[in-house]
Amino acid sequence: MDDLKFLILYGVLAGVLFASFRKAFHDHKLDQIPVVGSSGLLASYWDAFNSIRHSPDFIQCGYKLYPDRIFRVARLFQWEYVVCSPKLTRDIASAPEHIISFNEAENPYHLQVVRSTLTRNLHVCFLDVRDEIVCAFDDVLQLEGLDWKILPMLPTMMAIVAHMSNQGAVGIRNSYMTSKSRNKEYLANSVNHTIDIMRSARKISVVPPFLRPLLGPLISTQNKSNARALQFLGPLIEEGLSKERELGRDWPGKPNDLVSWVLDLAETEQRAVFPITVRIMHMNMAAIHTTSMAATYAIFDLMTRPEYLLPMREEAERVVKEKGWTKTALNNMVKIDSFLRESQRLNTNGPAGMWRKVVAKDGFRFSDGTVLPYGTFLSVARAPIRSRLRRIDANYENAATFDGFRFARERAEHSKRHMISTAVDHMPFGTGKHACPGRFFAATELKAMMAHLVINYDVKAEGVRPADKVFGALYFPDADGKVRVRKRQ
Ligand code: HEM
């Protein structure tokens, strides 16, 4: 057994002991909240291990039994309190940060990475995404002639999204980065960084919290990818910092790009080359991971329902002919918007989401009178939306059926259900106070990508659509899932 495996095993065993104590001495007022699975010390531990692979079953079962109540499921190091009903979800969505904290909740991936890195201002900046899409599709797909090519969709989308998010924001402004091979290296490093964080976040989530600072650096290679990124981003950041010292904060010719945005917002102690590089890499990770998963799901949906391709192609071509490739033009692509929203509605990224921690000393009182004490972890069930069971789906006709243009039809009646609008019955971007601020950026990217794809390419299924991978409370599209793509005939 190598050192790393030993340390992980040790960590898990130590965690079992640690958590057993925590569970044994947990607040007994909470015993009244129903458990899905077992509440016994060892049996609940077995459930917690089991839920790494079968979390959706626990959440679905909780929903069936307690659709209007809070229930709890065992996690490795604590109980997680799950809500289903729209009313209780609204209580969470509207609670202030000093009562229920978004930042303190333990989310295995998105929150840990995003919380200290991105700002709410980034979504308003969108630099020449269209040009980058054309270039990214050409570079990544490498299609010769008119033959079909079989492509693994998730890695392909990761490469395209990395290209779009980075090139627009970072790459083009500086001759240091415009060399094609340097750019390729930088992009490959961004994708590897994303994959590494995803993998290591999964491993770290099974290590007890008190061992994470020790084991984290052994498990993840992100120090290496950050150091590699420094070679590319360092000169850009250095330039920004020195111009600022020399000519002031709004120096003439200051680029409107990611490096500048991050420098503008960084606190004094973070205004150095390495911390800014790490920040940009974290932002990369948040944007690449989520957007490429959404794009992959949308293409899987398109390949299994080819009848949607021509109507979307017709719409995209008509709109572009009328308005050109502009952001306003995208607003008129209602079928594409609707298709992507429907794809996000049915491809939830996990059985639960909106993780929070109660941080008010007196606990948090829900509108049904349930009080969760300080330190409790809670989440909102998302997966049951896939089935007909969820009452929240009363808002959707034939909720379990993929109906790609349902929102386009509604929009003709002035509905507000656009891709970026969130609600308790539509939470791919969360809802309420912490709803994803990157969704405007992500939706623009995804719509522009889909329009480009349907106008310029044909897509076809390659085998059956693979089932999602499950890890704890997260779903991922299978990275081996393939699609046939060719230049449009
Ligand atoms: C399809 C792509 C995306 C999806 C599905 C997505 C989803 C989410 C979700 C579910 C949350 C947590 C909401 C909650 O717990 O209440 C979130 C938060 C966040 N996302 Fe995204 N996201 C996407 C793209 C992006 C992009 C491209 C960026 C940045 C450019 C971004 C930046 C953020 C930030 C900064 C937060 C934290 C918000 C806060 O602190 O209040 N996201 N996102």
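In the annotation of an unreviewed UniProt entry, the protein is listed under the name Cytochrome P450 and assigned to Mycena albidolilacea. In its Cofactor (unreviewed entry) section, the UniProt record describing the protein reads: "heme".

A. Broad picture of the pattern of salt bridges. Taken as a whole, this structure holds 18 salt bridges when the rule is applied. Arg417 serves as the salt-bridge partner of Glu410, at 2.8 Å between the closest nitrogen and oxygen. Taken together, the shared-partner salt bridges in this structure form one network comprising Asp301, Arg305 and Arg465.

B. Region of interest: the packing of helix α12 (residues 273-304) against helix α17 (residues 439-456). Where α12 contacts α17, the two axes come as close as 10 Å, and the packing angle between them is 35°. The two elements α12 and α17 meet at a crossing, and its hand is right-handed. Contacts from Thr291, Ala294, Ala295, Ala298, Ile299 and Leu302 of α12 reach α17 at Ala442, Glu445, Leu446, Met449, Met450, Leu453 and Val454.

C. Representation of the packing of aromatic side chains in the model. Scanning all chains against the criterion turns up nine aromatic pairs. Plain terms: the ring middles of Tyr66 and Phe71 are 6.3 Å apart, the flat faces sit at 35° to each other, and that makes the pair tilted. Judged by relative accessible area, which is 19%, Tyr66 ranks as buried. On the basis of relative accessible area, Phe71 is assigned to the buried category, the value being 0%. Aromatic pair Phe339 and Phe402: ring centres 5.3 Å apart, planes at 70°, arrangement edge-to-face. In this pair, Phe339 sits in helix α15 (residues 334-346) while Phe402 sits in the loop between β8 (377-381) and α16 (406-412), placing the two residues 63 residues apart along the sequence. No difference in accessibility class separates Phe339 from Phe402, as the two residues are buried. Site record: aromatic cluster; members linked through ring pairs are Tyr308, Phe339, Phe402 and Phe405. When the ring centre of Trp79 is taken as origin, the NZ or CZ atom of Arg72, which lies over that ring, is 4.7 Å away.

D. Expanded view of the side chain of Ser55. Considering the arrangement of structural elements, one finds Ser55 in helix α2 (residues 41-65). Not counting the four nearest positions on each side in its chain, Ser55 is found in contact with Arg75, Pro351, Gly472 and Ala473.

E. Representation of the sheet that holds strand β9 (residues 457-461) in the model. Reading across from one edge, β4-β12-β9 is the order of the three strands in this open sheet, with antiparallel pairing throughout. Taken across any chain shown, the strands that pair with only one partner, and hence form the sheet edges, are β4 (149-152) and β9. When the angles between neighbouring strand axes are averaged without regard to direction, this sheet yields 35°. One ladder, built from five bridges, connects β9 with strand β12 (residues 482-487); its direction is antiparallel.

F. Structural detail: unusual backbone geometry. For Met354, which is not glycine, the phi dihedral falls at a positive 50°. Positionally, Met354 belongs in strand β5 (residues 352-358). One non-glycine residue, Asn398, adopts positive backbone phi at about 45°. Within the fold, Asn398 resides in the loop between β8 and α16.

Analysis parameters
- Residues numbered from 1 in each chain as written.
- Predicted model: local features only at pLDDT ≥ 70, side-chain atom pairs only at ≥ 80, totals over all residues.
- Heavy atoms only, no water.
- UniProt positions renumbered as here; feature names shortened; annotations may be inferred.
- Salt bridge = Lys/Arg side-chain N within 4 Å of Asp/Glu carboxyl O.
- Axes fitted to C-alpha atoms, helices over the stretch in contact; angles between N-to-C directions.
- Helix = DSSP H or I, 4+ residues; strand = E, 2+ residues; numbered from the N terminus.
- Left-handed = near helix turned anticlockwise from the far one by under 90°.
- Contact = heavy atoms within 4.5 Å.
- Phe/Tyr/Trp six-rings, centres within 6.5 Å; stacked < 30°, edge-to-face > 60°.
- Buried < 20%, exposed > 50% of the residue type's maximum accessible area, 1.4 Å probe, protein only.
- Lys NZ or Arg CZ within 6 Å of the ring centre and 35° of its normal.
- Pairing = 2+ DSSP bridges.

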